[in-house]
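Take a look at the letters that make up each chain.
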Amino acid sequence: MRITRMAALAAVAVLSLGGAAACGGDDSGSGGGGGGDSTKNFEAGTTMERLNKAQKITVGTKHDQPLFGLKGLDGKPTGFDVEIAKIIAEELGIPEDKIEWVETPSTVREQVIEQGKVDIVVATYTINDKRKQVIDFAGPYYVAGQTILVKASDNSITGPDSFKDGTKKVCSVTNSTPAANIEKYLKDKATQLVLFDVYSKCVDALKQGQVDAVTTDNVILTGFMSTNEGQFKLAGDPFTEEPYGIGLKKGDDKFRAFINDVLEKAFTDGRYEQAWKNTAGKVDPKVPTPPTIDRY
């Protein structure tokens, strides 16, 4: 996403996005199947067979990120990540109202997978080698880029190099890739880097003047701009590439291959495009080019 498109984003009306922990999601979304199909044939003993027979899947996602995963007043989850999860459930023969949505902040994504509290995590989840030591990833299904959010009136921050003098504070989320990435630009991590469990708290801290900036992926920050019209802007261009993947239990190679197949199918049959248009595309209408699946 280029900075040249960002000026238009703040003018977009507030989106009515929503999500709920431990509840079934239902949304016009990508047009995924509303009914289950327990007659689908999957290899015996696989995760796909287990989930199909149970007619239920538990999905970890964010509840505080407009456009990708956000809890709303209606108790229903919406966002691009939510739609991707619905596509996977559809291919498993599981109806949308049998998806259990569990709030999964960045700090606990690996833990909930390892502990079996969720079947998959679809939560703006950057694929990296450290995380692949304890879980596996399908995908990527989207590539974001880290950037910086500041108040609309602040021209003193132009990119990550603006933090090198040690005078400005930046907020991110514990155990997140953006928090690790920004450290190399800080003169004094202890005094400059403020960490919370969710990005919405960072945005609140920016509003209150407790920090000078928030840093994470551009699409996440764009979402906050869309729900805080005219208050914020992006400072500088994206300075990383963040491939988003779907987290699942380590060693479940057949389930990972199945999800990769589903993603590639959705890339070409129109469901991926529709998922974007119905969510993030309301702010950024340019449909992203699907990335190449990493079948490691």
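This write-up is about the structure you can find in this document. All values derive from a computational prediction rather than experimental measurement. (Residues numbered from 1 in each chain as written. Predicted model: local features only at pLDDT ≥ 70, side-chain atom pairs only at ≥ 80, totals over all residues. Heavy atoms only, no water.)

## With respect to the overall build of the protein chain
Line of reasoning, step 1. Across its full length, the protein chain holds nine helices and 13 strands.
Line of reasoning, step 2. In the protein chain, which comprises 296 residues, the proportion classed as buried is 55%.
Line of reasoning, step 3. Relative to all contacts within the protein chain whose residues are 6 or more apart in sequence, the contacts with residues 24 or more apart total 76%.
Line of reasoning, step 4. Of the accessible surface of the protein chain, which amounts to about 12100 Å², a share of 48% is contributed by carbon and sulfur atoms. (Helix = DSSP H or I, 4+ residues; strand = E, 2+ residues; numbered from the N terminus. Buried < 20%, exposed > 50% of the residue type's maximum accessible area, 1.4 Å probe, protein only. Contact = heavy atoms within 4.5 Å. Areas by Shrake-Rupley, 256 points an atom, 1.4 Å probe, with all protein chains shown as cover.)

## Considering the packing of helix H1 (residues 47–54) against helix H8 (residues 253–269)
Line of reasoning, step 1. One can describe the packing of H1 onto H8 by two numbers: an axis separation of 8 Å at closest approach and a directional angle of 75 degrees. In terms of axis orientation, H1 runs roughly perpendicular to H8. Residue-level inspection shows Thr47, Met48 and Leu51 of H1 in contact with H8, the latter providing Lys254, Phe255 and Phe258.
Line of reasoning, step 2. Class assignment of the residues belonging to the contact of H1 with H8 gives a composition of four nonpolar, one polar and one charged. (Axes fitted to C-alpha atoms, helices over the stretch in contact; angles between N-to-C directions. Parallel < 35°, antiparallel > 145°, perpendicular 65-115°, else oblique. Nonpolar A, V, L, I, M, F, W, Y, C, P; charged D, E, K, R; others polar.)

## Quick word on unusual backbone geometry
Line of reasoning, step 1. In this chain, Gly139 is followed by Pro140 through a cis amide linkage whose omega measures 10 degrees.
Line of reasoning, step 2. Mapped onto the elements of the fold, Pro140 is located in strand S7 (residues 135–144).
Line of reasoning, step 3. Unusually for a residue other than glycine, Gln55 sits at a positive phi of about 55 degrees.
Line of reasoning, step 4. Checked against the element boundaries, Gln55 lands in the loop between H1 and strand S1 (57–61).
Line of reasoning, step 5. Backbone geometry places Asn175, a non-glycine residue, at a positive phi of 65 degrees.
Line of reasoning, step 6. With respect to the secondary-structure elements, Asn175 resides in the loop between strand S9 (170–173) and helix H4 (177–182).
Line of reasoning, step 7. With relative accessibility at 35%, the residue Asn175 sits in the partly exposed group.

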